[in-house]
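# Residue-level structure breakdown
Residues per chain are reported as follows:
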Amino acid sequence: MKYTIACIMAFLVAGGVSAQSKSEVALTTKINRIIRKMMLEEKIGMLHGNALFSSGGVPRLGIPELTCDDGPLGVREEIKRFDWASANWTTDSAMFLPNGSAIAATWNPVMANRYGVVIGEEANARKKMVMLAPAFNICRMPLCGRTYEYYSEDPYLNSQLAVQSVKGIQSQHVAACIKHFAANNQELNRDSVNTIVDERALREIYLPAFKAAVQQGNAYTVMSAYNKVNGYWCSENDFLLNKVLKNEWGFKGVVMSDWAGTHHTVAAANNGLDIEMGSSGPYDRWYFAQPLLAAVKAGQVSEKTIDDKVRRILWLMYHTSMSADHPKGSIATPEHAKAAYDIASESIVLLKNDNHLLPLKTSAIKRIAVIGDNAVRTFALGGYGAGVKAKYEVTALEGIKSRFGKTSGISFAQGYRANYLASKTDEQNRGYDKPDQKLIDEAAALAKASDVVILCIGSNREYESEGHDRKSLELPFGEQELVNAVTAVNPNTIIVMMAGAPYDLNEIKRSNHTVVWSWFNGSEAGNALADVLKGVINPSGKLPFTFPVSLKDSPAAALNTYPGTGATADYKEGVLVGYRWYDTRKIEPQFPFGYGLSYTDFSFSKLSTDKSSYKKDETIHARFRIKNTGSRYGAEVVQLYISDPVCSVLRPEKELKGFEKVFLQPDETKTVELDVKVADLAFYDESKKAWNAEAGEYVLQLGNSSRNISKTVKILVK
């Protein structure tokens, strides 16, 4: 019977592959037929922008424009065709979704997929065929202005989330454009810096999420980064675009430049760029317009190369705008609001709860003081990063009023002024970090007269912005002085940090007993936060990056490689990025990677593997039990790290190789299995230009952060 079932399954799989192959062959034939009908000028017209967010089609052959839009936080508002001013539509209000590091903090690929589905459905409603999302460059150093937009410092966590984001977007016949390829890890000098990074670090740290998004997620488009990598612009980098992306990974889709990220005609055309976007001047004078036509006629670029680019664009279109049964889409629906709420709820990280003030016991609270500019600020727009014209956005104050207003009196004080604009110079922003004593005094007076204080501080979308890096980890706007004044008069103070990147919380960590980390958490941010404070939601978020005690502890700062010397940033830390650096160098973090508390407790037991030794082509099946030992329903993120104690090259102290978010009722126990391919234990051997899983002993480490390992087991690789 088992043999019969196996044969049937094999037949079905083979049949499915055959059907898929026939479909691809038919599509290739159709595309080649179209290309043969095209004039060279028509082909060239498809390879560059013809407006801010579209590239040319061929009306004569029924080929439409390729339309795209920004999307990391949701589908941005409609702008005019040829300038950045609003088109003043009344139908483009969208759902504001939690930022990238918030999605990463869920440690839940299901949430990343739901994010993608919402993006795809709303893109369809707006007739956008390529969404410039997700963005998941590695968080190499904590000051980067786009850390809020990106995911994590870890390539494995990035990969798992990126794959599901891409699958979610593309399930709606909308292309995900994964960005920024590659090693775009700072905003300062981003359009001129030459990133010097060895191939091992590229392969182990900076490329895995892109590889996974292409090979597992089947991403349709890739955006090249602004910077150079090892001397070559990313938009004309033969190693990245041709050798790795298209040839080695088998990428079938389109490489488009970041806006104004193209520098040459012949080098870009021959080295892998397919569509030029965002350049300046008349469209027919762009690098991939008349100059490219001239280069083809001069024999500097072959028409075969042009045909490959057109073929890729048509392949993309037949999977999006020209696909069969294309979804109509929808925008800002109740279902989208629920997705935004669920992501936000799972992203919130409980950093401290020493006095068990949380969840708040509403029966004993008559007066709640909500303090801080962030309590009333919205985050859908701001700075230079792509924003969203949100249909609505629930602020922290609004959420707290809706959840606590029936049983408690709620009063508000601003506490500080966020006088900082990304568009202003340093001189114009001077003084932004100074406390406002009048506002502090008002806040302290309100705090003293209240039973509980919810103090909402942190950053905003002006202070963390594309095009800029922060200059320090210090809290902005004189917030520390506000914290000190408020907590001095009311010990029942909850610190709520709203930001997208690490900050210096050393004094708060020492002096405050209750700290919650929220993010730029989307349209439902206020409701999600209030439900966590009330205990309707048990916090389950985990930090997706390390919080250093001091900036000088971070690798780029410690090795003096940021922002770089001249126009060069030398990644001297190699593979020791994020927790790999802190754990290997025995540097104590402020808060470790993967850290986050709960209102309940969990225990791990009986970690084992199915075998004690493995061949290099086998898979390790790890198994353990997890129990909710507390009194509340909640979720724990179990994290499986692997160490290679004896190796021919320097390896990190530990590397994340598996994780799962496990939801448990009180006293419930589950058996969890995590699989790790032995091949995934390998390091990239630069001398052999290949991955190498050396024979020997490895240690599997199970915990709930990189610094809290509770169980280990050793295995042997033969």
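Residues numbered from 1 in each chain as written. Predicted model: local features only at pLDDT ≥ 70, side-chain atom pairs only at ≥ 80, totals over all residues. Heavy atoms only, no water.

## Brief notes about the pattern of salt bridges
A side chain of one charge can pair with a side chain of the opposite charge when the charged atoms of the two come close. A full pass over the atoms with the stated rule returns 48 salt bridges. As a salt-bridge pair, Glu42 and Arg60 come within 2.8 Å of each other at their nearest N and O atoms. With Glu42 in helix H2 (residues 40-45) and Arg60 in the loop between strand E2 (54-55) and strand E3 (66-70), the pair connects residues that are 18 residues apart, well separated along the chain. Using a relative accessible area of 13% as the deciding quantity, one classes Glu42 as buried. What emerges from the salt-bridge pattern is a single network uniting Arg146, Glu149, Glu187, Arg190 and Glu466. (Salt bridge = Lys/Arg side-chain N within 4 Å of Asp/Glu carboxyl O. Helix = DSSP H or I, 4+ residues; strand = E, 2+ residues; numbered from the N terminus. Buried < 20%, exposed > 50% of the residue type's maximum accessible area, 1.4 Å probe, protein only.)

## Section: the side chain of Ser518
Residue placement: Ser518 occurs in strand E16 (residues 514-518). According to the relative accessible area criterion, Ser518 is buried, its value standing at 3%. Polar side-chain contacts of Ser518 include one of 3.5 Å to the side chain of Asn521. Non-local contacts of Ser518, meaning those with residues more than four positions away in its chain, are made with Ile348, Val496, Met497, Met498 and Ala499. (Polar contact = N/O pair within 3.5 Å; in protein donor to acceptor, adjacent residues only side chain to side chain. Contact = heavy atoms within 4.5 Å.)

## Examining the sheet that holds E16
Strands sit in the order E11-E16-E15-E14-E12-E13 across an open sheet of 6 strands; the sheet is mixed. Either end of the sheet is taken by a strand with one partner, and the two such strands are strand E11 (349-353) and strand E13 (409-413). Adjacent strand axes in the sheet meet at a mean angle of 20° when their direction is disregarded. Note that strand E12 (residues 367-371) and E13 share 5 bridges and pair parallel. Residue pairing in the sheet places Ile371 in a bridge with Ala413 of E13. The strands touched by helix H13 (residues 396-404) within the sheet are E12, E13, strand E14 (452-458) and strand E15 (493-498), with E13 carrying the most contacts at an inclination of about 170°. (Pairing = 2+ DSSP bridges. Axes fitted to C-alpha atoms, helices over the stretch in contact; angles between N-to-C directions.)

## Section: the packing of helix H5 (residues 155-170) against helix H7 (residues 208-215)
In contact at an axis separation of 8 Å, H5 and H7 are set at 30° when each is read in the N-to-C sense. In terms of orientation, H5 lies roughly parallel with respect to H7. The element H5 and its partner H7 pack so that their crossing is right-handed. The residues of H7 that touch H5, namely those facing Pro155, Asn158, Ser159, Ala162, Val163 and Val166, are Pro208, Ala209, Ala212 and Ala213. Residues that form the contact of H5 with H7 fall into these classes: 8 nonpolar, 2 polar and no charged. (Parallel < 35°, antiparallel > 145°, perpendicular 65-115°, else oblique. Left-handed = near helix turned anticlockwise from the far one by under 90°. Nonpolar A, V, L, I, M, F, W, Y, C, P; charged D, E, K, R; others polar.)

## Here's the deal with unusual backbone geometry
Looking along the chain, the bond that leaves Lys179 and enters His180 is cis, with omega of 0°. Along the chain, the position of His180 falls in strand E5 (residues 175-181). Omega for the peptide link from Phe181 to Ala182 comes to 10°, which places this bond in the cis form. The topology assignment puts Ala182 in the loop between E5 and strand E6 (194-196). In this model, Asn230 sits at a positive phi of 50°, which is unusual for a non-glycine residue. Along the chain, Asn230 falls in the loop between strand E8 (228-229) and strand E9 (232-233). Positioned with a positive phi, Asn560 is a non-glycine residue whose angle comes to about 55°. One can find Asn560 in the loop between helix H18 (555-558) and strand E18 (568-570).

## Thoughts on the packing of aromatic side chains
The full count for this structure, using the stated rule, is 32 aromatic pairs. Ring geometry for Tyr148 versus Phe520: centroids 5.8 Å apart, planes at 65°, classification edge-to-face. Linking Tyr148 in the loop between strand E4 (130-132) and H5 with Phe520 in the loop between E16 and helix H17 (525-534), this pair joins segments that are 372 residues apart in sequence. With respect to burial, Tyr148 and Phe520 carry one shared label: buried. (Phe/Tyr/Trp six-rings, centres within 6.5 Å; stacked < 30°, edge-to-face > 60°.)

## Side note on the pairing of E3
With respect to burial, E3 is a largely interior element, 5 of its 5 residues being buried. Alternating positions in E3 separate into two faces, Leu66, Cys68 and Asp70 on one and Thr67 and Asp69 on the other, with burial throughout. With 2 bridges connecting them, E2 and E3 associate as antiparallel partners. Looking at the pairing, Ser55 lines up with Leu66 of E3. With 3 bridges joining them, E3 and E4 adopt parallel strand pairing.

## With respect to helix H4 (residues 109-125)
Given 3.6 residues to a turn, an α-helix orients residues that are three or four positions apart in the same direction. The terminal C-alpha atoms of H4, which comprises 17 residues, lie 25 Å apart, in line with the 24 Å expected from a rise of 1.5 Å per residue. Listing the buried residues of H4 in full gives Met111, Ala112, Tyr115, Gly116, Val118, Ile119, Gly120, Glu122, Ala123 and Asn124. Contact partners of the buried residues in H4: helix H3 (100-105), E4, H5 and helix H12 (334-347). Where H4 begins, the side chain of Asn108 points an oxygen toward the backbone nitrogen of Val110, at a separation of 3.0 Å. Immediately beyond the C-terminal end of H4, within one or two residues, lies Lys127, with a positive phi of roughly 60°. (Expected span 1.5 Å × (residues − 1).)

## A word on the environment of Ala209
By the element assignment, Ala209 lies in helix H7. In this structure Ala209 comes out as buried when scored by relative accessible area, which is 5%. In the structure, Ala209 is positioned 48 residues away from Leu161 in sequence and 8.6 Å away in space, judged by C-alpha atoms. When neighbours within four sequence positions are excluded, Ala209 is seen to be in contact with Phe136, Pro155, Asn158, Ser159 and Ala162.

## Looking at the side chain of Asp70
Within the element layout of this structure, Asp70 appears in strand E3. Separated by 2.7 Å, the side chains of Asp70 and Arg76 make a polar contact. Setting aside its immediate chain neighbours within four residues, Asp70 contacts Phe53, Val75, Arg76, Met131, Leu132, Lys179 and Ala386.

## Brief notes about the state of the cysteines
The full count for this structure, using the stated rule, is 0 disulfides. With no disulfide of its own, Cys68 lies closest to Cys177 among cysteine sulfurs, the gap being 7.9 Å. In this structure Cys139 is a free cysteine whose sulfur lies 7.3 Å from that of Cys144, the closest cysteine sulfur available. In this structure Cys139 comes out as buried when scored by relative accessible area, which is 9%. (Disulfide = S-S within 2.5 Å.)

## Re the sheet that holds strand E28 (residues 696-705)
Note on sheets: strands pair through backbone hydrogen bonds, and any given pair is parallel or antiparallel. Read from one edge to the other, the open sheet built from 5 strands follows the order E21-E29-E28-E23-E24, with strand pairing classed as mixed. Edge strands, defined here as strands with exactly one partner in the open sheet, are strand E21 (613-614) and strand E24 (655-664).

## Section: the confidence of the model for the chain
For residues with low pLDDT, the predicted coordinates do not support detailed interpretation. Here the chain averages 96 in pLDDT, while 97% of its residues score no lower than 70. For the stretch residues 1-17, pLDDT sits under 50, and the model shows 0 contacts to residues farther than four places along the chain or on other chains. (pLDDT = per-residue confidence, 0-100.)

## Examining the environment of Glu479
Residue position: Glu479 is located in helix H15 (residues 479-489). Accessibility expressed as a relative area gives 0% for Glu479, which makes it buried. Sequence separation of Glu479 and Tyr416 is 63 residues, and the distance between their C-alpha atoms is 6.8 Å. Dropping the residues within four chain positions of it, Glu479 is found in contact with Tyr416, Ile457 and Gly458. Of note is the side chain of Glu479, whose polar atom sits 3.5 Å from the side chain of Tyr416.

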